[in-house]
Every structure is written in C-alpha cells, then in structure tokens.
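The lines below spell out each chain.
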Amino acid sequence: MSDAAAPPALRFDGVTRRFGSVVAIDRLSLDIFAGEFFALLGPSGCGKSTPLRLAAGFDAPSEGRILLHGAPLTAPPHLRPVNMMFQSYALFPHMSVADNVTFGLKQEGLPKAEIAARVSEMLALVQLSALGARKPHQLSGGQRQRVALARALAKRPQVLLLDEPLAALDKKLRAETQFELKRLQRRLGTTFVIVTHDQEEAMTVADRMAVMQAGTVAQVGTPDEIYEHPASRYVADFIGDVNLLQGRVVRTDASSVVVACDGFGEIIAGPAPEARVGETIWLALRPEKIAVSEGGRAGVGQNEVTGTVVEVGYRGEQSMLEVRTAAGSILKVSVTNRRRRAADGPAVGESVRLTFAADDIVALTR
Amino acid sequence: MSEGATQGGRGMRRSWTLRLAILLPFAWLVLFVLLPTLIAFKISLSQTVLAQPPYVPVLNPSGGWDAFVGFLNALSFENYTAVFTDSLYLASYLKSLQVAALSTALILLIGYPIAYAMARAPRGVQSVLLILVILPFWTAFLIRIYAWINILQRDGLLNQLLLSLGIVDAPIAWLASDTAVYIGIVYSYLPFMVLPLYATLERMDAALREAAADLGAPPWKIFWQITVPLSRPGILAGVLLCFIPIVGEFVIPDLLGSSSTLMIGQTLWTEFFANRDWPFASVVALVMLVILVGPIVLYEHLQARALEKAR
Ligand SMILES: Nc1ncnc2c1ncn2[C@@H]1O[C@H](COP(=O)(O)OP(=O)(O)O)[C@@H](O)[C@H]1O
Ligand SMILES: [Mg+2]
C-alpha cells in the first residue's frame, strides 16, 4: 500500500495535549501512510478530535511533533496543505453553495477560469451541480455534508481530515455515504483520516484504524486484524459483540493454552505465548464463532458447553441468543436466520450444545 | 357531547384572554403614544399667544358646532412652512443628524473591538466584562455627565494629565466644544453598541472561523469575510440603538457643548421653555419624529426577523 522508504503522510510523534489537568491525548505516536483511508475510533471524549485539530493547526501540542511527509507541521492553519471537514460542517451561512466551495480556492489566488472549473468539478463530484446557487439553510443534512466535503476537497489537500463527518446523518444515509466516501477516496488517492465513534463505520471505510482509549492508542491495524486479533479486553469489547471469559492458565504450549474458566470448566484457546501457568487471563469469544447444535448432534471444535437458551434477540438477518451454562454463566451466541421461518432457531427454554474451535478464541493477558 | 362543550368553553376563554393580551398594550400605545402625538399635532397647527394655555385656538366643548367649525378654520400649517424656511431649524436638524451619524460611527469603531474581545475571552472572564459594561448604568446618567465636566474642565483631570506628561504646554479648552459633545455621547452610548454586538459575536460558531482558516484565509480576511458579515444583525441593532436617541439628545450637548451649534433637542427645549412657543415646539418635535420613522421601522423590522429566526 505504501512505499516503505517514503516517510508517512502524517506522523504523530509522541504528541501530548493537556487542557489544564485533563490530558486529551497522551504521548500519541501514529503513522498514517500516503493514500490510505485511516480511521481513529473510540468512544466519545477519548481524544479523537484533538489529534485532527492539532494536525489542522487550530491547536498546538503540549509536547511532541506532527510531521507531514517528514516535515514538521508548524505553520499557521491557513498555510497548511491539509484540510478539515467539520462535524458541524461549518458551512458559511451567508454564502451560496458555490461560494462556499470557491472560498478556499480564492485564497490561493488561482486564475478565475481555473477556480470556476474546479468548483463545477467538485460540485459534480458530490452530485450538487444543480444546487450551486442555494444557501446552506436551503439544503438537507446529506446535501450539506456533501458541500462540506466538496469545499475541503476543492483545495486538493495532501491529507483530508474528517471529524465525525457522517454523525449527523440518519442510519440509512450514513451507510450509503460510507461507501461513497470510500469510492471517492480510492478515486482521488488522497490520504483520508476519519474520526468516528461508530465501529461499523470505521471498519467499513478504513484501510487501517487506530482504536483509542483515554487519549492513547490501544491498537492499530486493519479492521479484520483488530476484530479477529484484538490486543486487549478493551479493544475486543469495543469492537463488536464478544464474550469475555475470565480464567486461570492451566497449561500452555506453542499452539494453544488451556484455561480453567469459572462456570465453564477447561477451555482450549489459541496460543498465548505471554501467559504463565497460574496467571489470570481472559478469553475473547465472538458470538458468531460459536456453533449451536440442538439435541444430541455433535458439533465441531475442541470446546463444548451445554446450556439453556434464556433470551432470544431477533435482529432480522440474525438472532442473538443468551445461553446459560450448567454452571450459571451467560454466553452470547449469534445464529444466522437462513430460512424465513422464525421458529427455525432455538427457542427460549431449549437445551443447546455449544461448540467452538480453539483457534477462534483469543487469549488476552490485558 | 359534554366534552365538546367544555372544549368550546375553554377555547372561548382562551380567545378572550388573548384579546385582552393584545388589547392592553394596544390601549397603552393609544393612550401614551398616539394620543400625545395627536395633541402635539393639534398644537402644531395653532398660533402662539401670551396666555394660558399659550396658544390659540382652544377648543371650547360647550360652544357647539359653530365653535368647532371656527376652531378648525383657525388652525393652519403656517408653522410648518416656517420650520422649513428658517435656516436656524434646518441647521439644527442637520447638526443633529451629523452628530448622530459621526458619533454612531465612532461608537461602532470603538465598540466592535471591545465586543469582539469580550466574545473571544474565556467564559469566566466574559461575565465579568459584561458586568463592567453594564456597571455605569448603576449611576445616574446626569451624574456621569457632570463627572465628564469635571474631567474636561480647565483644571480638570484630562488637562492635568496632558500637562504632567508634557504633551501640551497650556490647558486646552475641552468644554463647550463639539469634541466634548462627541466624548460625552460616545461614552454614554457605547454600551448600547457593545451589548448587541457581543450577543451576536458570542453566539457565532467558532468552527466557522476555523473553517475559513483551514481553507487558507489569513486572520484579517476571516475577520472581514466571515466575522463582520455574520455580525451584521448586531451591527445594525447597535447602530440604530445609538443613532435614534442621539438625534434627539438634549442633556449631553446642553451640558458639554457650546451654544453656537445647537442640536435639535436643544432647539426644541428653547422653543418650549424659553420662548414658550408651544405650537412651534410641537412642529419641531413632529418633524424630528418623521425623520426618525425610517430608522425606527427598520429597527422594528430587524427585531421581528431576529425573533422569527430564533423560533
Ligand atoms: N478546548 C478544550 N478545553 C478543555 N478540554 C478539552 C478541550 N478540547 C477537548 N477537551 C477534553 O479533551 C478530551 C478529548 O477531547 P476530544 O478530542 O474532543 O474527544 P473526542 O473527539 O474523542 O470526543 C475530552 O475529555 C475533552 O473534554
Ligand atoms: Mg470529537
């Protein structure tokens, strides 16, 4: 994806930002490569917007440096070759759509003809050619979002920063727009850094993402690395649904670890080289990795647990079951509703046998 | 059935209170604005005499129809032609408009940076600054103008300061000059400009300025192309809140100004109290009202639009 020798498009090098006693971001180090779609993901208030504001120049780090293609970013915001799309869109209410897009180009002193050409190109790109004369308050939320995008992209930034760009849209439009953003980014090849608290959004759009935790990076990786190989309980729990089982290490070798879990007995999990015998660790098991067999049929996988269905949450394409094991622990299990008959899957009160492979369980030491 | 009846009853009661709510301020306006204006209009058509009341004709209600017709015939627009032909009054009006325009411009020039700084100050500091702006209102207006006499007089604070700093060799005669009038007016009306400006600037989304900077605009362009256009409602409100009362200002030019250049408020006062020419004073007052109708209507229109937007 990137030339290994070239410096990253954007590098946070030990960046800290304090607001009084609040540490918004704490020694953040992060490399974002040219041409990638990078997501900063985390709960609200964990310090996602702050790095963007530092990169845009609205705010300065308390410590550390930010580098753009290897050169320290210290210029005032109006001289930085990065652009930001604001969560509130921040469209100028007294200017038409076209004037909003023109504003940034005028500052560069481009010839009139080129400005006009670029504005119409940008409006076409976001399918707003017909609405150039409208004022922002005459647009729908989705249209405003596209104006904001066009206005930032018109500047042809080296890095486009997007702060919760889709948060104000309703669910369906948001889902469509995610794919649109991804297509747009591929086509333009511009480096995109998006901030979001929505894990689905981050995973949909991003090539790589960083999961943030209280001002620090908990894990960086591709969406599937982070989903399938979470580095900590925090990451496993934040991304998607997960069963976290606590237990003590009984045996460990190169290919697996055996853990005695309260309420489950011994469970064989994927390898955990750091784990020591006797140590307390956690097992992360995704609901969809568990196979359900009703009655006496045997399943696949090294681990087997029996239990009773206590709750069925019907979600349409799938159902989320809560299964109480014989020892009284609860496991979340998802079953895909392949057939149209709702009564197909296990019902409340039914006994089920749950099986899952050792490889599908991630052993976590933190 | 019974439900419908109670609903009808409630509806009627509501419309009754609604009517009262409209009627009360309406009655207030008729009683204290329209009626006095009409009386002033009637007096403006009379002629001055040395009597009590100091004008004729006086309507005698017991005189019947003939007396009423005679009364009507005795009214005339003579005073109006006089006010437009006598250069003294014309000069007075022009002087008032000039003072109002220039001092409003000065107030805007001084008030905008103050309001801007207030709106950009940290939250806690903002409320302190706001109190400081309002604080002078806790002292009587007249006393504050007298304080300015103290400051501006020959051996006053200002001259002492200038002399001790060696900026001037001899004390300057500040009082009884246009400069003193401008100082007094700018000082007195500054809060009326700062407050509406501060209200608009404080509400302005900081992200708009950041977006402008992000798009490549240097600070001065952000100020002129984003901040100023978006604060237009505040500017207009402040300008009208200052301009309208300054045109009719009496106390400040009377106490700080010279007698050579009179503002219309002073001319009005002289006609009424010194010359006891009530008809002419009424004409002067009504003409001033007509001059100010434009700005007042504009102000009302803007207020209504701001209310509409806020909803
Ligand atoms: N200007 C500021 N003044 C004080 N605290 C701030 C400021 N900006 C952000 N913070 C604090 O820093 C932390 C991280 O903020 P932010 O980066 O905006 O989080 P996020 O975007 O993930 O919601 C929060 O606790 C927030 O309250
Ligand atoms: Mg944020």
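Residues numbered from 1 in each chain as written. Chains lettered and ligands numbered in written order. Predicted model: local features only at pLDDT ≥ 70, side-chain atom pairs only at ≥ 80, totals over all residues. Heavy atoms only, no water.

A.B. asks: Provide a residue-level description of the site of ligand 1, including the pertinent values.
C.D. replies: All names here are of chain A. Residues in close proximity to ligand 1 include Phe19, Val22, Ala24, Pro43, Ser44, Gly45, Cys46, Gly47, Lys48, Ser49 and Thr50, which together make up its full environment. Residue lysine 48 places a side-chain N or O atom 2.8 Å away from an oxygen atom belonging to ligand 1. Measuring from an oxygen atom of ligand 1, one finds a side-chain N or O atom of serine 49 at 2.7 Å. When isolated, ligand 1 has an accessible area of 560 Å², and the protein chains bury 57% of it. (Near = heavy atom within 4 Å. Polar contact = N/O pair within 3.5 Å; in protein donor to acceptor, adjacent residues only side chain to side chain. Areas by Shrake-Rupley, 256 points an atom, 1.4 Å probe, with all protein chains shown as cover.)

A.B. asks: Explain the environment of methionine 203 of chain A residue by residue, including any values.
C.D. replies: All names here are of chain A. Of note, methionine 203 is situated in helix 6 (residues 199-205). Distance in space between the C-alpha atoms of methionine 203 and alanine 39 is 8.2 Å, their sequence separation being 164 residues. Contacts of methionine 203, omitting those with residues within four sequence positions, involve Met209, Pro223, Tyr227 and Ile239. (Helix = DSSP H or I, 4+ residues; strand = E, 2+ residues; numbered from the N terminus. Contact = heavy atoms within 4.5 Å.)

A.B. asks: Tell me about the nonpolar core, and name the residues and values.
C.D. replies: In terms of nonpolar packing, the biggest core is built from 99 residues, with Leu10, Phe12, Phe92 and Leu161 of chain A together with Ile226 of chain B touching the most fellow members. Ranked by the residues each element gives to this core, the list is headed by helix 8 (residues 178-203) of chain B, at 12 residues. Apart from residues no more than four positions distant in its own chain, phenylalanine 12 of chain A is found in contact with Leu28, Ser29, Leu30, Ile32, Pro51, Ala55, Arg65 and Ile66 of chain A. (Core = buried A, V, L, I, M, F, W, Y, C linked by side-chain atoms within 4.5 Å. Buried < 20%, exposed > 50% of the residue type's maximum accessible area, 1.4 Å probe, protein only.)

A.B. asks: How would you summarise the environment of phenylalanine 103 of chain A if you had to cite specific residues and measurements?
C.D. replies: On the secondary structure map, phenylalanine 103 of chain A appears in helix 2 (residues 97-107). Judged by relative accessible area, which is 4%, phenylalanine 103 of chain A ranks as buried. Between the C-alpha atom of phenylalanine 103 of chain A and that of leucine 131 of chain A, which follows or precedes it by 28 residues, the distance is 17 Å. Once you skip the residues sitting within four places of it in the chain, phenylalanine 103 of chain A turns out to touch Phe92 and Met95 of chain A together with Ala212, Leu215, Ala217, Gln225 and Ile226 of chain B.

A.B. asks: Account for the interface of chain B and chain A, with residues named and values stated.
C.D. replies: Facing the 18 residues of chain B at the interface are 21 residues of chain A. Counting each side, the surface lost to burial between chain B and chain A is near 1,700 Å², with a carbon and sulfur contribution of 63%. Among the residues chain B hides against chain A, the three largest losses belong to Glu210, Asp214 and Leu215 of chain B. Together they make up 41% of the total. Linking chain B with chain A are one salt bridge, by the criterion used here. Glutamate 210 of chain B is the partner of arginine 53 of chain A in a salt bridge, and the nearest nitrogen-oxygen pair spans 2.7 Å. For the interface between chain B and chain A, the tally reads seven residue pairs in polar contact (both at pLDDT 80 or more). Counting residues per element, the ones that place at least two in the side of chain B that touches chain A are helix 9 (206-214) and helix 10 (219-230) of chain B. If you tally residues by element for the side of chain B that touches chain A, the top one is helix 9 of chain B, at seven residues. Split by residue class, the side of chain B that touches chain A holds 12 nonpolar, two polar and four charged. (Buried area = accessible area lost by both parts, 1.4 Å probe. Salt bridge = Lys/Arg side-chain N within 4 Å of Asp/Glu carboxyl O. Nonpolar A, V, L, I, M, F, W, Y, C, P; charged D, E, K, R; others polar.)

A.B. asks: Outline helix 4 (residues 141-153) of chain A, listing residues and values.
C.D. replies: Because each turn of an α-helix spans 3.6 residues, side chains separated by three or four positions in sequence point in the same direction. A rise of 1.5 Å per residue sets the reference length of helix 4 of chain A, with its 13 residues, at 18 Å; its end C-alpha atoms lie 18 Å apart and thus fit the reference within 8%. Within helix 4 of chain A, 10 of the 13 residues are buried, leaving the element largely enclosed by the surrounding structure. (Expected span 1.5 Å × (residues − 1).)

A.B. asks: So, the sheet that holds strand 12 (residues 257-261) of chain A: which residues are in play, and what are the values?
C.D. replies: Residues and elements named next belong to chain A. Judged by pairing direction, the sheet is antiparallel, and its five strands sit side by side in the order 13-12-11-14-20 without closing on themselves. With one partner strand each, in any of the chains shown, strand 13 (265-269) and strand 20 (361-364) form the two edges of the open sheet. Between one strand axis and the next, the sheet turns by 40° as a mean value, whatever way the strands run. Bridge analysis of strand 14 (residues 280-285) against strand 20 gives four bridges, and the strand direction is antiparallel. Considered in strand 20, the bridge of leucine 283 is made with alanine 363. (Pairing = 2+ DSSP bridges. Axes fitted to C-alpha atoms, helices over the stretch in contact; angles between N-to-C directions.)

A.B. asks: Tell me about the packing of helix 9 of chain B against helix 10 of chain B, and please be specific about residues and values.
C.D. replies: Residue and element names in this part refer to chain B. Relative to each other, helix 9 and helix 10 sit at 155°, their axes nearing to 10 Å. In terms of orientation, helix 9 and helix 10 fall into the roughly antiparallel class. The two elements helix 9 and helix 10 cross, and the hand of that crossing is right-handed. Here Leu208, Arg209, Ala212 and Ala213 of helix 9 lie close against helix 10, whose contacting residues are Ile222, Ile226, Thr227 and Leu230. Tallied by class, residues from the contact of helix 9 with helix 10 come to six nonpolar, one polar and one charged. (Parallel < 35°, antiparallel > 145°, perpendicular 65-115°, else oblique. Left-handed = near helix turned anticlockwise from the far one by under 90°.)

A.B. asks: Mind laying out the packing of aromatic side chains, listing which residues take part and the relevant values?
C.D. replies: Residues and elements named next belong to chain B. Tallied over the entire structure, the rule returns 21 aromatic pairs over all chains. With centroids separated by 5.6 Å and ring planes inclined at 85°, the aromatic side chains of tyrosine 112 and phenylalanine 223 adopt a geometry described as edge-to-face. In this pair, tyrosine 112 sits in helix 4 (residues 87-120) while phenylalanine 223 sits in helix 10, placing the two residues 111 residues apart along the sequence. On the basis of an interplanar angle of 70° and a centroid distance of 5.0 Å, the ring pair of phenylalanine 272 and phenylalanine 273 is categorised as edge-to-face. Classification of phenylalanine 273 as exposed rests on a relative accessible area of 51%. (Phe/Tyr/Trp six-rings, centres within 6.5 Å; stacked < 30°, edge-to-face > 60°.)

A.B. asks: Before we move on, can you summarise the confidence of the model for chain B with the specific residues and values?
C.D. replies: Residue and element names in this part refer to chain B. Scored by pLDDT, chain B comes out at a mean of 87, with 95% of its residues at no less than 70. Residue range residues 1-8 is modelled with pLDDT below 50. Its contacts to residues more than four positions away, or to other chains, number zero contacts. The ipTM assigned to the predicted complex is 0.83, against a pTM of 0.81. (pLDDT = per-residue confidence, 0-100.)

A.B. asks: Now, about the pairing of strand 13 of chain A: what can you tell me, with residues and values included?
C.D. replies: Bridging between strand 12 of chain A and strand 13 of chain A involves five bridges; their strand directions are antiparallel. What sits directly across from cysteine 261 of chain A, in strand 13 of chain A, is glycine 265 of chain A.

A.B. asks: Requested: an account of the pattern of salt bridges, with residues and values cited.
C.D. replies: All names here are of chain A. Going through the model one piece at a time under the given rule, you end up with 17 salt bridges over all chains. The salt bridge partner of arginine 18 is glutamate 63, with a shortest N-O separation of 2.6 Å. With arginine 18 in strand 1 (residues 10-19) and glutamate 63 in strand 4 (residues 63-68), the pair connects residues that are 45 residues apart, well separated along the chain. Given the relative accessible area of 37%, glutamate 63 is considered partly exposed. The network of salt bridges with shared partners includes Glu228, Glu288 and Lys289.

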